[in-house]
Amino acid sequence: MEYDPQELEERWRERWAETGRYEADPSDADSADNDSDEDPTFITVPYPYPSGGMHIGHARTYTVPDVYARYRRQQGDNVLFPIAWHVTGTPIIGAVERLKKGEEKQLSVLRDTYNVSEDTLTDLETPMGFARHFIEEHYKKGMQSLGLSIDWRREFTTNDERYSKFITWQYETLKDRGLLEKGLHPVKYCTDEEQPVTTHDLLEGEEAEFQEYTLVRFGHGDTIVPMATLRPETVRGVTNAYIDPDADYVYADVDGEQWFVSAAAAEKLQLQAHDVTVERRVSGTELAGERVTNPVTGDEVLVLPADFVDAENATGVVMSVPAHSPDDYVALQEAKADDERMREYGIDPADVDDIEPIPILSVEGYGEIPAKSAVEDAGVTSSDDPALEKVTKDLYNKEFHAGRLFDEYGEFAGELVEDVRTRFRDAHRDEGAFGTMQEFSEEVVCRCGADVVVAEQDTWFLRYNDEAWKQKAHDVVSRMDAIPENTRGEYDHTIDWLNEWPCIRNYGLGTRLPWDDDFVIEPLSDSTIYMAYYTIAHRLQDVPVEELDRDFFDALFYGADAVEDPDEKALELRKEWNYWYPVTYRFSANDLISNHLTFYLFHHAELFDQSNWPEGIVIMGMGLLEGEKMSSSKGHVVLPGKAIEEYGADTVRFFLLNSAEPWQDYDWRAEQVESVRNQLERFWNRADEVINSDVPEAQPELEQEDRWLLSKLQHTVSDVTEAMEQSETRSASQAAFYNFEEDLRWYRRRTDLDRPAARWTLQHVLETRLRLLAPFIPFMTNELHEQLTGTPAEDAPWPEPDESFESAAAEASEAQIERLTEDIKGIQQSLANADEDVPEADPDRIRLTVAADWKRDVFQTVAEVGGDQGAVMGKVMQDPDLRERGNEVNDVVQELIEFVRGRDDDEVSALADLDEYATYEAAADFLSREFDADIELALEGEDADATKQAIPLRPAIELEAE
């Protein structure tokens, strides 16, 4: 039967939809304690945000968990795999606004990338109209086309009124438990939208952290010139300052004082709870060449012009500590060498030459002036040298952990910087010499394109800095499966650094803050425990909205004793929630560890008992397209519908799953996808031949080759199962498909496929492989398995290794034949590459001389003793006959130890038991066909001269031509 993926796959989609194949219900929902024999598995993945269409990167995100869900069903589990739609926040609103304004870039993305027709564009001019279009026409169609085994009854959007009641319950509960607070705190603030934003709203800087800078309040007459630093203890080493002479600066009244800062800094300070009035705007030349007073030492230091100063960062004026900052040291040398520029700003070059580094601490491994020795040792001579950044970072780190302050630091003298920095800062802050300012660790840009700055706002925050809550979250991490394991520390790290998190927005889609409906709960904050909502989403539709109050959800999640008069419907729903929970595995993106996934752990830790904490998280990497990052705005995407139309869903799935492990990045390349399509078609054609072959009902007597292939199959079953348990979809699919195809290639080459035993073996192998491949390519495998057995592959149990087919002897024997074949081919190739024509390259006769029995005895000793040459020699030399052979034995031992190195004990033992002569004798017909030559066998020392130098498993080979 011809392979037609489009026709085949559509048939199975319709069948799944008609039968509700993936609608999961508890078989024993009456048991609130979930004591039934059935083993439920609950798989979740981040619900999509439909501000645009689904592309091939999303396809992998949702297909990986689908494979695991399908695998668990074949293992006998009752599996729930639901999906919903995240519409909370402003991105959809922003997309609609750009559409209504006729923004060409937005129109291009809609028309050209996502194929939205002109007559449909008007339907997208409301937020939910926009969302619904991409939900129905892109995500849902794409997921169904891919064959995702989703229970569609449970879908919802995050602005559904019932879901909002659920979010209301969550936030009222957290507030009552003291985990929400209102107050002034630093937030990410969009300068265009003029409201707080969170990670999901960002275009750049998703990993940026808040940094509290110390403002050293330098003086210039009656004016404060604050300079920001993360190393306040270096204030005694300041020798000069830098300013961008061409940037915009202001004199401003800041909390009743006159300050000189950059224009950007004035705006930031106002957002950080300072009372700021700009009095006069000037350029940086205003301060260049002036002297300012160090508030700690009283020294006057010169302000120099510098292009490297970023007026957008901090205050726009930078203090210089050249003794302890390699980049400051290099900058000072360059300033000293640029007399012309200094004169341009009215600065006497002699005054610059007089500036010398002032060391303020000692650190082992560096000279008196650490920055100078660090720069010179690294050979850095220019501020453009890329090595300067590392030199600076290394010195900062060494000084922080090992630097001890000099005597002039008084009460802080002799102490390590890491022990004293905070106390030193606080002491001078209390004296009025220092202030504070918040900045980001990197540039942050909103999705709207505007800058995001740190602002202090009076708003509601989740108290992720609460120590008891942090400890609970750490406990979740310690109990769950983290896949891959090396991500576990990332969760703990995130828990440690998380502080207050602003959980509200001024406007947008979503749930209103229950006690202040002027605000909306922001996207990351309303998506922490929605997995619990999946379990009862379809059944909540029968409950009037007005009944979904605090008591209803308390009864649902905490039981009858949680409220005075529990609602019976809530208690009934509790049984289903209790049946499915906890989440078995959440599949999610690596970049969500630093926010969503850790919030998910926090909220589950607080709101639910340990028995309902998440059991595992599987991390996924990102996708590339032809080597470049996918971008909807640039049209650099592949839509799943187009890919499926061209290649078929099984091909799309198999490529996505087979190209990399879930947590690794992958690259969609059309040429490689086409290759997968061809490989699957070959698989189909060969399977069709096997299905339609005449196969005996009972197992016939098997030959060596059959036993070998069936034994290899058992290893494949074990390897695939082990990989699937770790969500290693690439390893699993490679083992089930490509690796076993190599075994089949040898088997087809090695044996007579018309034998009844060969036909029976191939059919048994096919049936097992179809079950192994069912999670990956469900359309093809279901069809073939049903043709073969009458049952779809997904309804057949997952295979288990059959010990009766395991044969170490058959594997050892066949491996030796394959090794011998490759050795002969290698000799042929060497002869063929000779400068002159060598007739033996195409031999008429091949003589194989098998190692003498005494060499076999030595190999037995190596197999028993292991790879310790001394121990082996000690034992073999106890045999008088072997002792007489002296160095000859030593040479054989060396070669055999090299041969067994890297092989496991079972393989070595099986090879040691192998009757090598009989093995070659049984394979003589095959070898004769393979090389079109007569095969002659001899035993070294009996039938042949002992000078042939054969060793066990490496016979002497002679090629002869007539």
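Scroll up to find the structure this text is about.
A brief report on the enclosed structure follows.

Reading the values: rules and limits
Residues numbered from 1 in each chain as written. Predicted model: local features only at pLDDT ≥ 70, side-chain atom pairs only at ≥ 80, totals over all residues. Heavy atoms only, no water. Helix = DSSP H or I, 4+ residues; strand = E, 2+ residues; numbered from the N terminus. Buried < 20%, exposed > 50% of the residue type's maximum accessible area, 1.4 Å probe, protein only. Contact = heavy atoms within 4.5 Å. Phe/Tyr/Trp six-rings, centres within 6.5 Å; stacked < 30°, edge-to-face > 60°. Lys NZ or Arg CZ within 6 Å of the ring centre and 35° of its normal. 1 Å grid on protein atoms, 1.4 Å probe; cavity = no way out; pocket = protein on both sides within 12 Å on 5 of 7 lines; lining within 4 Å. Points joined across faces, edges and corners; volume = space filled by probe spheres on them. Nonpolar A, V, L, I, M, F, W, Y, C, P; charged D, E, K, R; others polar. Core = buried A, V, L, I, M, F, W, Y, C linked by side-chain atoms within 4.5 Å. Salt bridge = Lys/Arg side-chain N within 4 Å of Asp/Glu carboxyl O. Pairing = 2+ DSSP bridges. Arc of directions from axis to C-beta. Axes fitted to C-alpha atoms, helices over the stretch in contact; angles between N-to-C directions. Parallel < 35°, antiparallel > 145°, perpendicular 65-115°, else oblique. Patch = residues over 30% accessible without salt bridge, like charges linked within 9 Å, V, L, I, M, F, W, Y side chains within 5 Å. Areas by Shrake-Rupley, 256 points an atom, 1.4 Å probe, with all protein chains shown as cover. Lys, Arg positive; Asp, Glu negative; His and termini not counted. Charge placed at Lys NZ, Arg CZ, Asp CG, Glu CD. Polar contact = N/O pair within 3.5 Å; in protein donor to acceptor, adjacent residues only side chain to side chain.

1. What about the overall build of the protein?
A tally of regular secondary structure across the protein gives 36 helices and 32 strands. C-alpha atoms of the protein, sized along the principal axes, occupy 110 × 80 × 55 Å. Residues counted as buried form 56% of the 962 residues belonging to the protein. Intrachain contacts of the protein at a sequence separation of at least 6 include 77% that bridge at least 24 residues.

2. Side note on the packing of aromatic side chains
Scanning the model with the defined rule gives 59 aromatic pairs in all. For the ring pair W460 and W515, a centre distance of 5.2 Å and an interplane angle of 70 degrees mean the geometry is edge-to-face. Of this pair, W460 sits in strand β19 (residues 452-463) while W515 sits in the loop between β23 (512-513) and β24 (516-521), placing them 55 residues apart in sequence. Overall, W460 belongs to the buried group, its relative accessible area being 13%. With centroids separated by 4.9 Å and ring planes inclined at 80 degrees, the aromatic side chains of F737 and Y738 adopt a geometry described as edge-to-face. The ring of W515 is capped by K175, whose NZ or CZ atom sits 5.1 Å from the centre of that ring. Between R231 and the ring centre of Y396, over which it is positioned, the NZ or CZ distance is 3.8 Å.

3. Overview of empty space enclosed by the protein
Counted under the stated rule, the structure contains 1 cavity of 30 Å³ or more. Each pocket or cavity is described by its volume, and for the largest cavity that value is around 50 Å³. Lining the largest cavity, in full, are R21, Y22, R70, R73, Q74, A774, P775 and E794. Per-class residue counts for the lining of the largest cavity are 3 nonpolar, 1 polar and 4 charged.

4. Re the nonpolar core
Core analysis: the biggest nonpolar cluster contains 126 residues, and I56, M143 and W668 have the highest contact counts within it. Here the element with the most residues in this core is helix α27 (residues 756-773); it accounts for 9 residues. In contact with I56, not counting residues within four places along its chain, are M630, V638, P640, A643, V652, L656, Y666 and W668. Judged by nonpolar contacts, the second largest core, of 70 residues, contains F166, L556, L601 and I619.

5. Looking at the pattern of salt bridges
In total, this model carries 69 salt bridges according to the counting rule given. Of the charged contacts, one joins R21 and D795 as a salt bridge, the two residues approaching to 2.9 Å between their closest N and O atoms. On the criterion of sequence distance, the pair formed by R21 in the loop between α1 (5-19) and β1 (40-44) and D795 in the loop between α28 (778-789) and α29 (808-832) is long-range, its members being 774 residues apart. On the basis of relative accessible area, R21 is assigned to the partly exposed category, the value being 26%. Accessibility expressed as a relative area gives 43% for D795, which makes it partly exposed. One connected set of salt bridges, linked through shared partners, spans E23, D25, D151, R153, R154, R539, E572, K575 and E576.

6. Observations concerning the sheet that holds strand β28 (residues 628-629)
A sheet is described by the order of its strands in space; here 3 strands give the open sequence β28-β27-β29, paired in mixed fashion. Since the sheet does not close on itself, it has two edges, and those belong to β28 and β29 (666-668), each with one partner. Summarising the sheet, strand β27 (residues 623-625) and β28 pair through 2 bridges and their orientation is antiparallel. In the sheet register, L625 faces β28, and the bridge partner there is E628.

7. Looking at helix α36 (residues 924-931)
Taken together, the buried positions of α36 are occupied by A924, F926, L927 and F931. Viewed end-on, α36 has its buried residues packed into an arc of 160 degrees, placing them on one side of the element. Opposite the buried face of α36, at more than 90 degrees from it, the exposed residues are D925 and R929. Contacts from the buried residues of α36 go to α26 (729-750), α29, β30 (845-850), α35 (916-922) and β31 (934-939). Note on α36: the residue one or two positions beyond its end, D932, has a positive phi of about 50 degrees.

8. Comments concerning the layout of surface pockets
Approximately 1,200 Å³ is the volume found for the second largest pocket. Around the second largest pocket sit 34 residues that line it, and Y213, V318, S325, D327 and Y396 are the ones nearest its centre. For the lining of the second largest pocket, the secondary structure elements donating two or more residues are β6 (210-220), β7 (223-229), β14 (317-320), α9 (326-336) and α13 (387-402). Take the lining of the second largest pocket: its biggest share by element is 8 residues, from α13.

9. A word on the packing of helix α23 (residues 649-658) against α28
The interhelical angle for the contact between α23 and α28, taken along N-to-C directions, is 120 degrees, at an axis separation of 7 Å. In terms of axis orientation, α23 runs oblique to α28. Residue-level contacts link A649, D650 and R653 of α23 to P778, F779 and M780 of α28. Grouping the amino acids of the contact of α23 with α28 by side-chain chemistry returns 4 nonpolar, no polar and 2 charged.

10. Side note on a negative patch on the surface
A contiguous patch of negative charge on the surface is contributed by E204, E206, E207, E209, D248, E267, D310, E312, E442, E443, D451 and D591. As for its placement among the helices and strands, E209 is situated in the loop between β5 (202-204) and β6. For E209, a relative accessible area of 32% translates into the label partly exposed.

11. Focus on the side chain of E233
As for its placement among the helices and strands, E233 is situated in the loop between β7 and β8 (240-243). Side chain to side chain, E233 and R421 meet in a polar contact 2.8 Å long. In this structure E233 touches I360, L405, Y409, V417, R421 and F424, once residues within four positions along its chain are discounted.

12. Regarding the pairing of β30
Most of β30 sits out of view: 5 of its 6 residues are buried. The sheet contact formed by β30 and β31 spans 6 bridges and is parallel. Across the sheet, residue I846 finds its bridge partner in β31, namely I935.

13. Observations concerning the sheet that holds strand β22 (residues 504-505)
Taken together, the 3 strands give an open sheet; going across it, the order is β22-β24-β23, and neighbouring strands pair in antiparallel fashion. The sheet terminates laterally at β22 and β23, the two strands that pair on one side only. Pairing of β22 with β24, which is carried by 2 bridges, proceeds in the antiparallel orientation. Residue pairing in the sheet places R505 in a bridge with V520 of β24.

14. A short note on the packing of helix α25 (residues 704-725) against α26
Put simply, α25 and α26 touch, their axes get as near as 9 Å, and they point 175 degrees apart. In terms of orientation, α25 lies roughly antiparallel with respect to α26. Between α25 and α26, the residues in contact are Q704, E705, D706, W708, L709, K712, L713, T716, D719, V720, A723 and M724 and S731, A732, A735, A736, F740, D743, L744, W746, Y747 and R750, respectively. Grouping the amino acids of the contact of α25 with α26 by side-chain chemistry returns 13 nonpolar, 3 polar and 6 charged.

15. A closer look at the side chain of Q704
Within the element layout of this structure, Q704 appears in helix α25. Q704 gets classed as buried once you look at its relative accessible area, which sits at 18%.

16. A few points about unusual backbone geometry
Each neighbour pair has its own omega, and for I483 with P484 the value is -5 degrees, a cis peptide bond. Its location among the elements puts P484 in the loop between β20 (481-483) and α16 (488-497). With an omega of 10 degrees, the peptide bond running from Y581 to P582 counts as cis. Structurally, P582 can be placed in the loop between α20 (568-580) and β25 (585-589). Phi is positive for A273, which is not a glycine, with a value near 65 degrees.

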